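Chain residues, written in single-letter form:
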Amino acid sequence: MSHTISASNVSTQSNFTVVELTPGVYVRTSIPAANHAALRAGFAGYTVNPRWTVTKLRAWKKGRQWRDALARQEMVVRPSDSMLVFAAQPGADPSQSSDTDKPVQPSSGNWFTRKRMAIASPFA
């Protein structure tokens with residue numbers, strides 16, 4: 001008995017989701033939802049939690065790398081949709097910051113909600 005795999009059974013797309021790193025700053029990532037809090041913590045500059053799993057540690061490290069890239073202006077917040085993107089992408093302009101007149105969308109209500117407003121002010 002042989003089993004063949006047709007092209008319709010194979011998915012080549014990754015499951016990308018949009019994550020709010022700080023109020024008004026979003027990023028598209030394939031990091032699982034269970035690790036989004038660690039991703040936000042890394043982007044915010046918090047220290048590593050020693051109880052985290054390897055996947056949460058990797059998400060934290062990615063968040064820290066994005067924060068450093070934003071500080072070095074290798075990444076920017078795209079004004080049209082407040083997405084964090086590489087500065088070389090079309091539509092990204094390092095001289096412009098995110099729109100300050102744009103209303104902040106409500107968050108999902110996680111543990112990071114209380115800290116975000118203090119962190120968001122340098123990015124506004």
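Look up: the structure comes first, before these words.
Now for a description of the structure that goes with this document.

Conventions adopted
Numbers given for residues are sequential positions, taken from 1 along each chain in its written order. Where local features are concerned, this predicted model is filtered to residues with pLDDT of at least 70; where side-chain atom pairs are given and counted, the filter is 80 or more; whole-chain, interface and lining totals use all residues. Hydrogens are left out, water is left out, and the side-chain values use all remaining heavy atoms of the structure. Using a 1.4 Å probe on the protein chains alone, a residue whose accessible area is under 20% of its type maximum counts as buried, one over 50% counts as exposed, and one in between counts as partly exposed. Strands are runs of DSSP state E lasting at least 2 residues, helices are runs of H or I lasting at least 4, and numbering of each runs from the N terminus. A helix's residues, less one, multiplied by 1.5 Å, set its expected span. Between two residues, a contact is recorded if the distance between any of their heavy atoms is within 4.5 Å. Note: two strands are recorded as paired if DSSP finds a minimum of 2 bridges between them. Salt-bridge detection follows one rule: a side-chain nitrogen of Lys or Arg within 4 Å of a carboxyl oxygen of Asp or Glu.

1. Quick word on helix α1 (residues 36-44)
Move 1: Summarising burial for α1: eight of the nine residues are buried, a large majority.
Move 2: Once α1 ends, the next one or two residues include G45, with phi positive near 95°.

2. Comments concerning helix α2 (residues 54-71)
Move 1: For α2, with 18 residues, the first-to-last C-alpha span of 26 Å sits near the 26 Å given by 1.5 Å per residue.
Move 2: All buried positions along α2 are accounted for by A59, W60, G63, W66, A69 and L70.
Move 3: Lining the buried residues of α2 we find β1 (17-22), β2 (25-29), α1, β3 (75-78) and β4 (83-86).
Move 4: Trailing α2 by a residue or two, Q73 shows a phi angle of about 65°, which is positive.

3. Regarding the pairing of β1
Move 1: Examined bridge by bridge, β1 and β2 share five bridges and lie antiparallel to one another. Within β2, the position partnered with V19 by the bridge is V27.
Move 2: The hairpin formed by β1 and β2 contains two residues between the paired strands, and G24 there has a positive phi angle of roughly 90°.

4. Description of the pattern of salt bridges
Move 1: Applying the stated criterion across every chain yields a total of two salt bridges.
Move 2: Between E74 and R72 there is a salt bridge whose closest N-O contact spans 3.0 Å.

Shape is all these values report; function is a separate question.
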